[in-house]
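Summary of structural features
Chain residues, written in single-letter form:
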Amino acid sequence: VRSIKNKLAPINRIPPETFSLIPGYLNERDMDENLIALTHVCRGWREVLIAHSALWTRLDCTDAEKTRVYIERSKSSPL
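This write-up is about the structure you can find in this document. (Residues numbered from 1 in each chain as written. Predicted model: local features only at pLDDT ≥ 70, side-chain atom pairs only at ≥ 80, totals over all residues. Heavy atoms only, no water.)

Looking at the overall build of the protein
Our working rule: The way it works is that DSSP assigns letters per residue, a run of H or I at least four long becomes a helix, a run of E at least two long becomes a strand, and they are numbered from the N terminus. Exposure classes here rest on a 1.4 Å probe applied to the protein chains alone. A residue is buried below 20% of its type maximum, exposed above 50%, and partly exposed in between.
The number of helices and strands found in the protein is 5 helices and 0 strands. Counting from the amino terminus, helix and strand elements in the protein follow one another as α-α-α-α-α. For the protein, the spread of C-alpha atoms along the three principal axes comes to 40 × 25 × 25 Å. Within the protein, the proportion of its 79 residues that are buried is 24%.

Examining the packing of aromatic side chains
Stated precisely, the cut-off is as follows: Under the pairing criterion, centres of Phe, Tyr and Trp rings, with the six-membered ring standing for Trp, must be within 6.5 Å; the plane angle then separates stacked pairs below 30 degrees from edge-to-face pairs above 60, leaving the rest tilted.
Under the criterion given, the structure shown has 2 aromatic pairs. Judged by centre distance (4.8 Å) and plane angle (50°), the ring pair of F19 and W45 falls under tilted. Of the two residues, F19 sits in helix α2 (residues 16–19) while W45 sits in helix α4 (residues 43–51), which places them 26 residues apart along the sequence. Neither residue differs from the other here; F19 and W45 are each classed as buried. Judged by centre distance (5.0 Å) and plane angle (90°), the ring pair of W56 and Y70 falls under edge-to-face. Residue W56 is found in the loop between α4 and α5 (64–74), and its partner Y70 is found in helix α5; the two are separated by 14 residues along the sequence.

What follows is the structure, encoded as structure tokens:
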């Protein structure tokens, strides 16, 4: 029921191609933690953002597991 209610929210009517551009406007300094926070809002946002490989190309290499996940999510996008 909650999933259906979320899909009807106005923000979730934005096409995925457009929605995936929003993180590009985040503050560069806090981009990493804000991007992770956005993937925890709802299942739909998570799917759209994780599928957009260009969002996952900035590596900080301070956490091996996080770096591995970013490389995996970046797919064939240049790092």
